Amino acid sequence: MRKLTNLIINEYVKVFAKISTVIMLIAIAALAGIYTFANYQSVQQEKRWQTSDTSSQLETYDQIIARERSVQSPGWEIRVERYTYERDHRIDLYDGNWKDLAVANAFDHKSNALAAETESEKARLEQAANDMIATVEKDDWKNYVNLLIRLVNQNPILSAEEKEAQLWTLNYRLTHDVKPGNAYFGYNIYSNDDQADWRNNALVMLESAKQTMNEQYAKAVADRETNALAEAEYAVAINTYRLENEVNLFTTTHTGNQYLGQSGKTPGVNFWTVFSGSANKYIIMFIGVLLIIVAGSAISSEFSSGTVKFLLINPVKRWKILAAKYISVLTMAVIMLAVFYLLNALLTIAFFGVTGLTAPHLSVAGGNVVTGSSFLYVAWQYLLAGVVVVTTATFSFSLSSLVRNSALAIGLGVFLTLSGELVTVLLAESLKADWIRYILFANTDLGGIMNHSTLFVGQTLPFALCVIGVYMAVFLLTAWDGFMRRDVR
Amino acid sequence: MDIVLKINSLTKFMGGRKIIDNISFETYAGEVFGFLGPNGAGKTTTIKMALGMLDSDGGEMEICGLNVRKKFEKAMVNVGGIVENPETYGYLTGLQNLRQYKRMRAGVTEERIQEVVRFVGLENRIKDKVKKYSLGMRQRLGVAQAILHKPKLLILDEPTNGLDPAGIRELRDMLKKLAHEDGVAVLVSSHLLSEMELMCDRVGIIANGRILGVKSTKDLMNEAAGNQKIVRFTVGETGKALAVLAEMSLSAANVTSQTFDLPVESDTQASEVNIRLIQAGVPVMGITPLERSLEDIFLEITGEGGNQIA
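Residues numbered from 1 in each chain as written. Chains lettered and ligands numbered in written order. Predicted model: local features only at pLDDT ≥ 70, side-chain atom pairs only at ≥ 80, totals over all residues. Heavy atoms only, no water.

Engineer: Describe the overall build of chain A, with residues and values.
Structural biologist: When helices and strands are counted, chain A shows 19 helices and 3 strands. Counting the 489 residues in chain A, one finds 48% classified as buried. The long-range share in chain A, meaning contacts at least 24 apart out of those at least 6 apart in sequence, stands at 69%. Summed over all atoms, the accessible surface of chain A reaches about 23,400 Å², with 60% contributed by carbon and sulfur. (Helix = DSSP H or I, 4+ residues; strand = E, 2+ residues; numbered from the N terminus. Buried < 20%, exposed > 50% of the residue type's maximum accessible area, 1.4 Å probe, protein only. Contact = heavy atoms within 4.5 Å. Areas by Shrake-Rupley, 256 points an atom, 1.4 Å probe, with all protein chains shown as cover.)

Engineer: Could you give an account of the side chain of Lys12 of chain B, with specific residues and numbers?
Structural biologist: Position of Lys12 of chain B relative to the elements: it lies in strand S1 (residues 3–14). Judged by relative accessible area, Lys12 of chain B falls into the buried class, the value being 4%. Not counting residues up to four positions away in its chain, the partners in contact with Lys12 of chain B are Asp487 of chain A together with Arg17, Lys18, Ile19, Ile20, Met49, Asp55, Ser56 and Asp57 of chain B.

Engineer: So what's going on with the domain arrangement of chain A? Which residues, and what values?
Structural biologist: All names here are of chain A. By domain assignment, chain A separates into domain 1 (2–43 + 279–485) and domain 2 (95–189 + 191–266). The interface is formed by 15 residues belonging to domain 1 together with 16 residues belonging to domain 2. Interface area, domain 1 with domain 2, both sides summed: about 1,400 Å², of which 66% is carbon and sulfur. In this structure, the connection of domain 1 to domain 2 is made through 0 salt bridges. (Domains from an automatic or database assignment. Buried area = accessible area lost by both parts, 1.4 Å probe. Salt bridge = Lys/Arg side-chain N within 4 Å of Asp/Glu carboxyl O.)

Engineer: Outline the packing of helix H5 (residues 98–114) of chain A against helix H7 (residues 141–154) of chain A, supporting the account with residue identities and numerical values.
Structural biologist: Residue and element names in this part refer to chain A. For the pair H5 and H7, interaxial distance at closest approach is 11 Å and the crossing angle is 35°. In this structure, H5 crosses over H7, and the sense of that crossing is left-handed. In this structure, H5 uses Trp98, Leu101, Ala102, Asn105 and His109 to contact H7, whose residues at the interface are Trp141, Tyr144, Leu148 and Leu151. Split by residue class, the contact of H5 with H7 holds 7 nonpolar, 2 polar and no charged. (Axes fitted to C-alpha atoms, helices over the stretch in contact; angles between N-to-C directions. Left-handed = near helix turned anticlockwise from the far one by under 90°. Nonpolar A, V, L, I, M, F, W, Y, C, P; charged D, E, K, R; others polar.)

Engineer: Go over the pairing of strand S4 (residues 60–63) of chain B with me, naming the residues and quoting the values.
Structural biologist: Residue and element names in this part refer to chain B. Across the two faces of S4 the burial differs, with Met61 and Ile63 buried and Glu60 and Glu62 not buried at all. The sheet contact formed by S1 and S4 spans 4 bridges and is antiparallel. Bridging across to S4, Ile7 finds its partner in Met61. Sheet topology places S4 next to strand S5 (residues 66–67); 2 bridges connect them, and they run antiparallel. Of the residues in S5, the one forming a bridge with Glu62 is Asn67. In this antiparallel pair of consecutive strands, S4 and S5, the connection spans 2 residues, and Cys64 shows a positive phi of 50°. (Pairing = 2+ DSSP bridges.)

Engineer: Now, about the sheet that holds strand S6 (residues 79–82) of chain B: what can you tell me, with residues and values included?
Structural biologist: Note on sheets: strands pair through backbone hydrogen bonds, and any given pair is parallel or antiparallel. All names here are of chain B. On the basis of which strands lie adjacent, the open sheet formed by 6 strands has the order S6-S7-S8-S3-S9-S10 and mixed pairing. Among the strands making up the open sheet, the edge pair consists of S6 and strand S10 (210–216). Strand-to-strand twist in this sheet, taken as the mean axis angle between neighbours without regard to direction, amounts to 15°. As paired elements, strand S7 (residues 153–157) and strand S8 (residues 185–190) share 5 bridges and run parallel to each other. Note on S8: the bridge partner recorded for Leu154 is Val186.

Engineer: Summarise the interface of chain B and chain A; cite the residues concerned and give the values.
Structural biologist: On the side of chain A, 28 residues touch chain B, which itself brings 32 residues to the contact. Remark: the boundary between chain B and chain A carries 3 salt bridges. Our count for the chain B to chain A interface comes out at 11 residue pairs in polar contact (both at pLDDT 80 or more). Per element, the largest residue contribution to the side of chain B that touches chain A is 5 residues, and it comes from helix H3 (residues 94–104) of chain B. Here the residues of the side of chain B that touches chain A sort into 16 nonpolar, 7 polar and 9 charged. (Polar contact = N/O pair within 3.5 Å; in protein donor to acceptor, adjacent residues only side chain to side chain.)

Following this line, the structure appears as structure tokens:
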């Protein structure tokens, strides 16, 4: 054991004495810095854009009106009326405030009134529209919400269930003082410190998800393969939990869910979107390239420089030397991922502050929301991304042992890392053959597989891990054979 | 004397050709053993097989009584050496290189490293990167690496490569000291015979993958002295002299206008020739006995078996 540890120390000394390793490490650190800085910059950009002056907004209204007049698509008259009203009353286009919504809603009612079949219905809709405009002019959003509650209660089409769902959110607005407004799917920067705003986001997404559940219900039963229903249910559970438990920032595993914001995390750019985004496989890939360089030259460089003879002249069995080399590659992968994780955490704190550091990780199990640590969640993302890194490094390691040529082992390893998944997707799409699921790179996107965004139907995590395991075994046996049995010339 | 390295009927095929043919020899503690042969004779291949770097197709190797194949780690504890060129990690310093070996061998202390560095005379450059070393310095570092753990068997493959004459002399003294004072069995392979003549206690001569003979250097030299002597005559005119020799049914070699070499059985025969030459009126300016070096013997011996290579 002592001997093995010493051999591993030897490998570390050799790797880190090389200038190329140091340069790669600096490049990886710089990449982490650039990634965080780019996110920070995009937020600054957004803020500048949000504070653009109203005179340019007037122009924008004029342009919209002019376009409506020239295109004259059905209902254009009402829309021109609406935009003219908004322009004249200086309703901020970008603010996404409740007035914009209320005016839009009012003019929707007006246009519905034109198409109404009975006089009483027409009168009811017109009255509603006028009441809405009145609340806007009085700048009284609570009255607007009360109006909406009344309309929901009066609406003959809605079922009791649907009514209850809509009333829940409206009453929440009144009791928690949350103005209606546009929700920003994924890029609302105000959710960082504006308490009312994240609630509005959660409410809008909750409403939208509940609506989908109703609309999708029949369709989803008929067509089991759609994820829409499951996603909506997930979003309803999570957002209800957030609203009831006052959870602004959070992370969740369910990526690609539109009702949770664009990236599946809490809407807006904040510590957690940036930090969990750093587990991105394209960023982790750079660690992979460094590891491939280490693994791909681990054995072959000893042969090409002739130093292998001075390794083998020691009282150490060959398999121990091989094991030490592989273990050093593995531990290096773990250490580098851990260091990269810490570095990104610190950089993100440096740029985005400590707001929301305690945000929980939310997931849904058996209909209940389960909370966990978001730091653990991101660490798990790093591990999942690290599996590809380790697999390709093992490939290079075995090639290094088999052909004893560093350039070939490193070159092929990097090539596979960069193109493996792309080529597999292209193959799967062009050949549509089932055997492609057994290709290594059809199984390496573990993060995607966990979120059910898979290339093949029924690709599960255990299956993917099995395929990866088989490939790893083949790689390691090849490495073993190449190093143990071949003569040293 | 203790047998340290024992090689018994070692055989190796490569590409259908028998490149090592039934080689057997032993080296003892306290002696410098020279493994001599022309390039391609199989010296390095034999050494690599003895150290388990190459698989053999027959035969046994034992180091300090331990079978190299069956008890590799225990056997290799007793071995230090340089196989072919002294390859080191160029991007590490000399000291870092030695520490690599320190970690792989038991019982090597930092003090021992300093001691070895002084022994090979590298103290001024040991903290420089090895890629800046000359070949001679790398050879010294190789020796330092080889003796780091005080091995009982020291194997040096072509150790004088790249050394200047002073360096060769130093190495010679170093190896003799290790063998004669510290009781190490030293195995030195080389094709530079003049060098080995001064360095080795015994030599094994190898050609075409076969051992042609193992003898002590003294015996070899005596043999050379015992058999035949060559005497160089310097005369006024070789033409007349050769005629005289022909009368005596003797033949000369290396004939020039003034000199010829004559193999003689004894000093008496040389003086007889001298008398006959003077009687025939050939002036004799000098008679010099020529010593036969190990090299001559070597070429003679390997000449029989080494024609294909030479």
